[in-house]
Amino acid sequence: MCGIVGYAGCRPALNIVVDGLRRLEYRGYDSVGVAILDGAGSLLAEKRAGKLANLEKALAEGGVGAA
């Protein structure tokens, strides 16, 4: 099984998508990833095995959409 979260709108998408993934985490998935379009139309992606915390750590260290 898989869970997919999407967002289309004017607000920055990364936090919205990560919050949605957090709501799905109880299902016990073995990996997680995000893909975000940047302002230039390029697709930026980051994925990690294991829990959402692994992805959040990678994002905090400068992954997709890090501020």
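The structure we're discussing is the one just above.
Residues numbered from 1 in each chain as written. Predicted model: local features only at pLDDT ≥ 70, side-chain atom pairs only at ≥ 80, totals over all residues. Heavy atoms only, no water.

Buried within helix α2 (residues 52-60) are the following residues: Leu52, Leu55, Ala58 and Leu59. Seen end-on, α2 carries its buried residues on one side only, within an arc spanning 120°. Structural note: α2 exposes Lys57 and Ala60 on the side pointing more than 90 degrees away from its buried face. Of the surrounding elements, those touching the buried residues of α2 are α1 (13-24), β1 (31-37) and β2 (43-49). (Buried < 20%, exposed > 50% of the residue type's maximum accessible area, 1.4 Å probe, protein only. Helix = DSSP H or I, 4+ residues; strand = E, 2+ residues; numbered from the N terminus. Arc of directions from axis to C-beta. Contact = heavy atoms within 4.5 Å.)

Right, let's talk about the packing of α1 against α2 for a bit. Look at α1 against α2: their axes get within 11 Å of each other, and the N-to-C directions meet at 165°. What the angle tells us is that α1 and α2 run roughly antiparallel. Here the hand of the crossing between α1 and α2 comes out left-handed. Contacts between α1 and α2 pair Leu14, Val18, Leu21 and Arg22 from the former with Leu52, Glu56 and Leu59 from the latter. (Axes fitted to C-alpha atoms, helices over the stretch in contact; angles between N-to-C directions. Parallel < 35°, antiparallel > 145°, perpendicular 65-115°, else oblique. Left-handed = near helix turned anticlockwise from the far one by under 90°.)

A separate point is the nonpolar core. Counting residues in hydrophobic clusters, the biggest one holds 12 residues: Ala13, Leu14, Val17, Val18, Leu21, Val32, Val34, Ile36, Leu52, Leu55, Leu59 and Val64. Elements that contribute at least two residues to this core include exactly α1, β1 and α2. Setting aside residues up to four positions removed in sequence, Val32 forms contacts with Leu21, Glu46, Lys47, Arg48, Gly50, Lys51, Leu52 and Leu55. (Core = buried A, V, L, I, M, F, W, Y, C linked by side-chain atoms within 4.5 Å.)

Glancing now at the pairing of β1. Side chains Val32, Val34 and Ile36 of β1 all project onto a buried face; the interleaved residues Ser31, Gly33, Ala35 and Leu37 project onto a face where none is buried. Hairpin connection, β1 to β2: the antiparallel pair is bridged by five residues, and Gly41 has positive phi, about 90°. (Pairing = 2+ DSSP bridges.)

It is worth spelling out the side chain of Glu46 at this point. Assignment of secondary structure puts Glu46 in strand β2. Residue classification places Glu46 among the buried positions, given a relative accessible area of 16%. Discounting residues that sit within four places of it in the chain, Glu46 has contacts with Val32, Gly33, Val34, Leu55, Ala58, Leu59, Gly63 and Val64.

Let's shift gears to the pattern of salt bridges. Between side chains of opposite charge, a pair can form when the charged atoms approach closely. Counted according to the given criterion, the structure contains three salt bridges. Residues Glu56 and Arg22 are paired through a salt bridge, measuring 2.1 Å at the closest nitrogen-oxygen approach. One end of the pair, Glu56, is in helix α2; the other, Arg22, is in helix α1, with 34 residues separating them in the sequence. With a shortest N-O distance of 2.9 Å, Arg48 and Glu46 are connected by a salt bridge. Salt bridges sharing common partners tie together Asp19, Arg22 and Glu56. (Salt bridge = Lys/Arg side-chain N within 4 Å of Asp/Glu carboxyl O.)

The analysis is restricted to geometry; functional conclusions fall outside its scope.
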